Amino acid sequence: MANKLISQMGLPPSVANVFAARNILTAKDALSLPEFELMTLLGMGLDQVKSAVERISEITCPPYQTALSLMEDRVRLGGHLPTLLRGLDDALCGGIPFGALTELVGPSGIGKTQFCLKLSLLAALPSCYGGLNGRVIYIDTESKFSSRRMVEIGENSFPQIFQSEGMAQQMAGRIIVVRLTSLPEFTERLQQLKLTLIQHDVKLLVVDSMAALVSGGNDTRTAGPKQHLLRWPLSFLKSLAEFSRIPVVVTNQVRSQSSNEAFHYPFQGKEKDSSKNFERLESHLIAALGIQWAHAVTIRLVFEAYSGQKFIKVAKSPMSPARAFPFIVESSGISLLNDDGFKVMGREINTIRFQGHNILEQ
Amino acid sequence: MEIANLPISPSQRAKLLSAGYTTLTSLSAVSPFQLARDLNIALQEASDILKVMPEFTRSESLHGGNAILKGAQTAWDMLSEEQMQKHITTGCENLDTILGGGIHCKEVTEVGGVPGIGKTQLGIQLAVNVQIPVEYGGLHGKAVYIDTEGSFMVERAHQIAEGCIMDMLDKFRHHQKVILACQEQMQPNSFLANIFYFRICSYTEQIAVINYLGKFLAEQKDVKIIIIDSVTFHFRQDFDDLARRTRVLSGMSLELMKLAKTYNLAVVLLNQVTTKFTEGSFQLTLALGDSWSHACTNRVILYWNGNDRHAYIDKSPSLRSASAPFSVTSKGIRNATSQCKRVRMM
């Protein structure tokens, strides 16, 4: 609604004409200027500008909903893509939520792509099998998508569907894979996607992986300057999710933590030096996309491994406490070893561990 | 005081300057007729200019008591008014203690912290707690929730409302009268019905909604809290001209401050954190820069201290800087479980 035209807002013609003459055409143009600057630019008095801004604001402002009607919508339209991992579904109140950005972060080879493949299948499955019966757009930036593996997962987890004639073809036909390598290309594609999503009944958007787009090349130094390139795609992905009410799943890589990144506030002082050293010995991994990105995702699932075991951890979620579930990767994809999981406390919620998987030692 | 600062149109300003009126004092002694003749403008316009002026000079000098100056208050009156005010509880007693009883009305409170620390949880909790009926010691207000990130989960709001109701009924179980009196209000759904939810998708909309709120609040009485989750997101994503961003942001915070004062409500802004390089190391700090940090009355930072979530009063004109543990449970924000009283004054 930011691009609504001022000329169509029912302002008095004399005022609307001045706006047009000064090339302030949309609500965005008008509202991103301070009132005082607007007065200077338009050559109008304070009262006139005020009432004009009031009018523009009123029209630009999206309508409100009460939380109750939101709840009713949610019940009516359905709001989750079940992962069929019972423990995880319970923790997330039913699965990957619609209209939000869900991030999977973890070291390479731990099973993020496996998880994405399974999710894609689930979204494509007919609703009688617990799926969403829709298409899936899978943006593959690392050329990791394997259709053979996907069909294998399908055959092993839903034998009754995949053994019937032509079903494997139909299911796999619903998953549209887009191979991209650069950020500009990605940005361009996203814009085209907006309409496609609605026209073709797309029920899931996967980006595997987001970090690869940014980190192409050497990323050992500051990630700062590159991060800002992601700002636009980030808010666009969020609005895509919101607007078409589908789940958007993105994956993120890890990188090692450089020694000068102290993550505490000035007021906390240096009291925890000893514990910090200890921590640094234990975990050197952090998510490749930095803190600004982490703020923007609604749900963050961390994939990690320690003491010979792999875990999925709900690290950030507005509806559930942090909880970790041990899992293994099987021929049918990811499955949880137990559905209860265990509670994770404090700093452990955000650490990403990766050790104990050395094959030579075993 | 210069003419250049008067909120009048540039053409009028140019006329004033060319007629020799450069300072406010030179305008103060002039009559509308004289001004109209000097500037060669209509009488109406001249008196409009003069009308702007006293308003403007008044805000310049806010000294003296209410009998002396209209629209002002003595410190004593302010104190007694403050003592009458009820605060919005956060659900965690320790946190309430360091906040001086809870979130204050008429003030802008900013809450920041790393992802996953519980900012949104606190936001939802406050939107629920503001509705606790007066009989139960609450404000019985309504809430406006402005969601810029899409992280408001209505299922969670329902859970928190249930938790809040359960605790209230438990606390007042010996007061049958109270329980009977507000049976109807104490339903999770009626709590949800009183949260007005705006979903914002760009910073333009964010500015628009804040400008529009004045009108909205005049229609919807009883709104006692405005929560913006988060104030940062869109401004951080797509604003290129940082100098202009600062000005737009300060305009926004003034507007919020005005709303808080006029409608006697609390404004809670949730903010993200960023890293800043100071004194040779990277440190965490709240986003939007230094000039923004002046925009709010109180600033609370949520952080991890070992395995506990803590809240720290970073800035407040009336509260000591202190920290207190809290926890996020399935019922919402509550006292930290491991230790009961560990409020630390600094």
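Residues numbered from 1 in each chain as written. Chains lettered and ligands numbered in written order. Predicted model: local features only at pLDDT ≥ 70, side-chain atom pairs only at ≥ 80, totals over all residues. Heavy atoms only, no water.

**Student:** Quick question: what am I supposed to make of helix α3 (residues 32-39) of chain B here?
**Tutor:** Because an α-helix completes one turn every 3.6 residues, residues spaced three or four positions apart along the sequence face the same direction. Residue and element names in this part refer to chain B. Listed as buried for α3 are Leu35, Ala36 and Leu39. Mapping the buried residues of α3 onto a view down its axis gives an arc of 100°, with all of them on the same face. Exposed and facing more than 90 degrees away from the buried side of α3 are Phe33 and Arg37. Just past α3, the residue Asn40 takes up positive phi, approximately 60°. (Buried < 20%, exposed > 50% of the residue type's maximum accessible area, 1.4 Å probe, protein only. Helix = DSSP H or I, 4+ residues; strand = E, 2+ residues; numbered from the N terminus. Arc of directions from axis to C-beta.)

**Student:** How do you make sense of the packing of aromatic side chains when you look at a structure like this?
**Tutor:** The geometry of an aromatic ring pair comes down to the distance between the two centres and the angle between the two planes. Scanning the entire structure with this criterion turns up 15 aromatic pairs over all chains. Seen in terms of ring centroids, Tyr64 of chain A and Phe196 of chain B are 5.1 Å apart; in terms of plane orientation they differ by 85°. Their pairing is edge-to-face. Linking Tyr64 of chain A in the loop between α4 (46-60) and β1 (65-66) with Phe196 of chain B in strand β3 (residues 195-199), this pair reaches from one chain into another. Phe196 of chain B gets classed as buried once you look at its relative accessible area, which sits at 4%. Between Phe303 of chain A and Phe327 of chain A, the aromatic rings sit 5.7 Å apart at their centres with planes inclined by 75°, giving edge-to-face as the arrangement. On the criterion of sequence distance, the pair formed by Phe303 of chain A in strand β11 (residues 299-306) and Phe327 of chain A in strand β13 (residues 323-330) is long-range, its members being 24 residues apart. Of the two residues examined, Phe303 of chain A and Phe327 of chain A, each falls in the buried class. (Phe/Tyr/Trp six-rings, centres within 6.5 Å; stacked < 30°, edge-to-face > 60°.)

**Student:** It is not clear to me how the interface of chain B and chain A should be interpreted in this structure. Could you clarify?
**Tutor:** Across the contact, 71 residues belong to chain B and 62 residues belong to chain A. With both sides pooled, the region where chain B packs onto chain A buries about 6,200 Å², and carbon together with sulfur makes up 63% of that total. Between the two partners, chain B and chain A, sit three salt bridges. A salt bridge links Arg247 of chain B to Glu37 of chain A; the nearest nitrogen and oxygen atoms lie 2.3 Å apart. Counting across the interface, chain B meets chain A through 12 residue pairs in polar contact (both at pLDDT 80 or more). Considering every element that reaches the side of chain B that touches chain A, the biggest residue donor is helix α11 (residues 203-219) of chain B, with 10 residues. Of the residues belonging to the side of chain B that touches chain A, the class tally is 34 nonpolar, 23 polar and 14 charged. (Contact = heavy atoms within 4.5 Å. Buried area = accessible area lost by both parts, 1.4 Å probe. Salt bridge = Lys/Arg side-chain N within 4 Å of Asp/Glu carboxyl O. Polar contact = N/O pair within 3.5 Å; in protein donor to acceptor, adjacent residues only side chain to side chain. Nonpolar A, V, L, I, M, F, W, Y, C, P; charged D, E, K, R; others polar.)

**Student:** Quick question: what am I supposed to make of unusual backbone geometry here?
**Tutor:** For residues besides glycine, phi is generally negative; the peptide bonds are generally trans as well. A cis amide bond links Asp208 of chain A to the next residue, Ser209 of chain A, at an omega of -5°. Note on placement: Ser209 of chain A falls in the loop between β7 (202-208) and α12 (210-215). Put simply, Asp229 of chain B and Ser230 of chain B share a cis peptide bond, and its omega is -15°. Note that Ser230 of chain B resides in the loop between β4 (223-229) and α12 (233-237). Of note, Asn133 of chain A is a non-glycine position whose phi angle comes to about 55°, a positive value. According to the relative accessible area criterion, Asn133 of chain A is partly exposed, its value standing at 33%. Residue Lys106 of chain B is not a glycine yet carries a positive backbone phi of 65°. Its location among the elements puts Lys106 of chain B in the loop between α6 (93-98) and β1 (108-113).

**Student:** So what exactly am I meant to see when it comes to the packing of helix α7 (residues 119-129) of chain B against helix α8 (residues 154-171) of chain B here?
**Tutor:** All names here are of chain B. Relative orientation of the contacting elements α7 and α8 amounts to 55°, with a least axis distance of 9 Å. Here α7 is positioned oblique relative to α8, judged by the angle of their axes. Classified by chirality, the crossing of α8 by α7 is right-handed. Contacts between α7 and α8 pair Gln121, Ile124, Gln125, Val128 and Asn129 from the former with Arg156, Ala157, Ile160, Ala161 and Cys164 from the latter. (Axes fitted to C-alpha atoms, helices over the stretch in contact; angles between N-to-C directions. Parallel < 35°, antiparallel > 145°, perpendicular 65-115°, else oblique. Left-handed = near helix turned anticlockwise from the far one by under 90°.)

**Student:** For this particular structure, what's the right way to read the pairing of β13 of chain A?
**Tutor:** One face of the sheet, then the other: side chains in a regular strand alternate in exactly this way. All names here are of chain A. One ladder, built from five bridges, connects strand β12 (residues 309-316) with β13; its direction is antiparallel. Bridge pairing in β13 places Ile312 opposite Phe325. Note: β13 against strand β15 (residues 342-343), two bridges, orientation antiparallel. Looking at β15, one finds that Ala324 is bridged to Phe342. Here β13 runs beside strand β14 (residues 333-336); their pairing, made up of four bridges, is antiparallel. In the strand pairing of β14, Ile328 is matched with Ser335. From the end of β13 to the start of β14, which pair antiparallel, there are two residues. (Pairing = 2+ DSSP bridges.)

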